[in-house]
Amino acid sequence: MEAVAATAAPTKARDPRALAGELEAFNSLYRPHLEAVYDFAVRIVGERDLATDMVRQTFGLAWRSFPEQGNDVAGRLFTTARVCTLDSLRYRRDRNGKEREGLHFTRIDGHRVPDAAVFDQSLAELVWDAASALPREAYSLLALHVRHDLSPDAIGLDRTAAVRLARTREFFDREVSIRLLATRARHRCSELDILVAPDDKRELAQQIRRCKRCRETASRFVSPAAVLGSLATIAPSRSLAREIFNRPRRRGVFGIL
Ligand SMILES: [Zn+2]
């Protein structure tokens, strides 16, 4: 009987020593992604508690299917986190509401910036405002692409979804460029200057499309997507890392997740 059980479900019958090895392997593969996955989640849901829950759930699922799942650790983690966070928001109304204090969405990471000279805090804020205004579904894909460097393939998008992602990025870049032109470069073009006051977005967009000077000015701005990619990672609490990666060992009990 025991032999049958052992061969039938080798991974269910985790013996402690094999499990310790597995845990170590799991930690070395998954630990490096914790900060990025947390940042991804917290920027979607807008608050720490819910993001922490979602990250806990994501790594719990990963541990349960470890080591059977494939090599694409980052892709699996992020797509799981994406499903978890978007699901959680369907049952919530007050997202992006409370608990914004203590969260620094618009801090810039000096190491990620292509040209530090052109960055400033108000640009980061403008970019993050535009990103927060996107539907969460669209934002989550844009974030995977420009903040976490996953290709549409790695995210598991089919062609239609990949095209939609490309459109989201264009839309995002255009929205931010219009804002930038309107706030920082209106003096360069008298027609633009006239249109900024009534703040008609469609008119502004049209003007920028047909005016060579405005287009040139816009092309000198940093890419808004690059700015989004340069926002500093929001770190999870230390206790979350301990909970996910050390808990079984510390308590001397294996396979808690
Ligand atoms: Zn112009």
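Residues numbered from 1 in each chain as written. Predicted model: local features only at pLDDT ≥ 70, side-chain atom pairs only at ≥ 80, totals over all residues.

### What about the overall build of the chain?
Within the chain, the regular secondary structure consists of 15 helices and zero strands. Burial statistics for the chain: of 257 residues in total, 27% are counted as buried. Across the chain, the fraction of contacts at a sequence separation of at least 24, relative to all contacts at a separation of at least 6, is 72%. (Helix = DSSP H or I, 4+ residues; strand = E, 2+ residues; numbered from the N terminus. Buried ≥ 20, exposed ≤ 12 C-beta atoms within 10 Å, placed from the backbone. Contact = placed C-beta atoms within 7 Å.)

### A word on helix H7 (residues 136–146)
For H7, the buried fraction is high: nine of the eleven residues fall into the buried class. Those residues of H7 not exposed but buried are Arg 136, Tyr 139, Ser 140, Leu 141, Leu 142, Ala 143, Leu 144, His 145 and Val 146. Contacts made by the buried residues of H7 are with helix H3 (34–45), helix H5 (73–90), helix H6 (121–133), helix H8 (152–155), helix H9 (159–184) and helix H13 (224–230).

### Side note on the confidence of the model for the chain
In this model, the chain carries an average pLDDT of 84, and 84% of its residues clear a pLDDT of 70 or more. Averaged pLDDT values over the elements of the chain bottom out at 39 in helix H1 (residues 2–8) and peak at 97 in H3. Confidence over residues 1–11 falls short of pLDDT 50; this stretch has two contacts with residues more than four positions distant or in other chains. Overall, residues 249–253 carries pLDDT values under 50, and its contacts beyond four positions in sequence, including any with other chains, amount to two contacts. (pLDDT = per-residue confidence, 0-100.)

### A closer look at the nonpolar core
Nonpolar side chains tend to gather and get buried jointly when the protein is soluble and globular. Counting 50 residues, the largest nonpolar core has Val 37, Ala 41, Ala 51, Met 54, Val 55, Ala 81 and Val 127 as its most contacted members. Among the domains, domain 1 (1–103 + 234–257) and domain 2 (106–233) are the pair contributing at least three residues each to this core. When sequence neighbours within four positions are dropped, the list of residues in contact with Ala 51 reads Tyr 38, Ala 41, Val 42 and Val 45. (Core = buried A, V, L, I, M, F, W, Y, C linked by C-beta atoms within 7 Å. Domains from an automatic or database assignment.)

### Section: the environment of Arg 107
Mapped onto the elements, Arg 107 comes out in the loop between H5 and H6. For Arg 107 and Trp 128, which are 21 residues apart along the polypeptide, the C-alpha to C-alpha distance reads 10.0 Å. Sequence-distant contacts of Arg 107, that is, excluding residues within four places in its chain, are made with Leu 231 and Ala 232.

### What to know about unusual backbone geometry
With the exception of glycine, the majority of residues adopt a negative phi angle, and the majority of peptide bonds are in the trans configuration. Even without being a glycine, Asp 149 presents a positive backbone phi close to 55°. One can find Asp 149 in the loop between H7 and H8. By C-beta crowding, Asp 149 is classed as exposed, having 11 other C-beta atoms within 10 Å.

### Re the packing of H3 against helix H4 (residues 48–64)
In the contact formed by H3 and H4, the axes pass within 8 Å of each other and the chain directions differ by 135°. It follows that H3 is oblique to H4 by the angle criterion. For the pair H3 and H4, the sense of crossing is right-handed. Where H3 approaches H4, its residues Val 37, Tyr 38, Ala 41, Val 42 and Val 45 are matched on the opposing element by Arg 48, Leu 50, Ala 51, Met 54, Val 55 and Thr 58. In terms of residue class, the contact of H3 with H4 is built from nine nonpolar, one polar and one charged. (Axes fitted to C-alpha atoms, helices over the stretch in contact; angles between N-to-C directions. Parallel < 35°, antiparallel > 145°, perpendicular 65-115°, else oblique. Left-handed = near helix turned anticlockwise from the far one by under 90°. Nonpolar A, V, L, I, M, F, W, Y, C, P; charged D, E, K, R; others polar.)

### As for the packing of H7 against H9
Close contact between H7 and H9 brings their axes to 10 Å; oriented N to C, the two are set at 90°. The pairing of H7 with H9 is recorded here as roughly perpendicular in orientation. Facing H7, whose interface residues are Ala 138, Leu 141, Leu 142 and His 145, H9 presents Leu 165, Thr 168, Arg 169 and Phe 172. Residue composition of the contact of H7 with H9, by class: five nonpolar, two polar and one charged.

### Some details on H5
Taking 1.5 Å per residue, 18 residues should reach 26 Å; H5 reaches 26 Å between its end C-alpha atoms and fits that length. Those residues of H5 not exposed but buried are Arg 76, Leu 77, Phe 78, Ala 81, Arg 82, Cys 84 and Thr 85. Looking at the buried positions of H5, the neighbouring elements they touch are H3, H4 and H7. (Expected span 1.5 Å × (residues − 1).)

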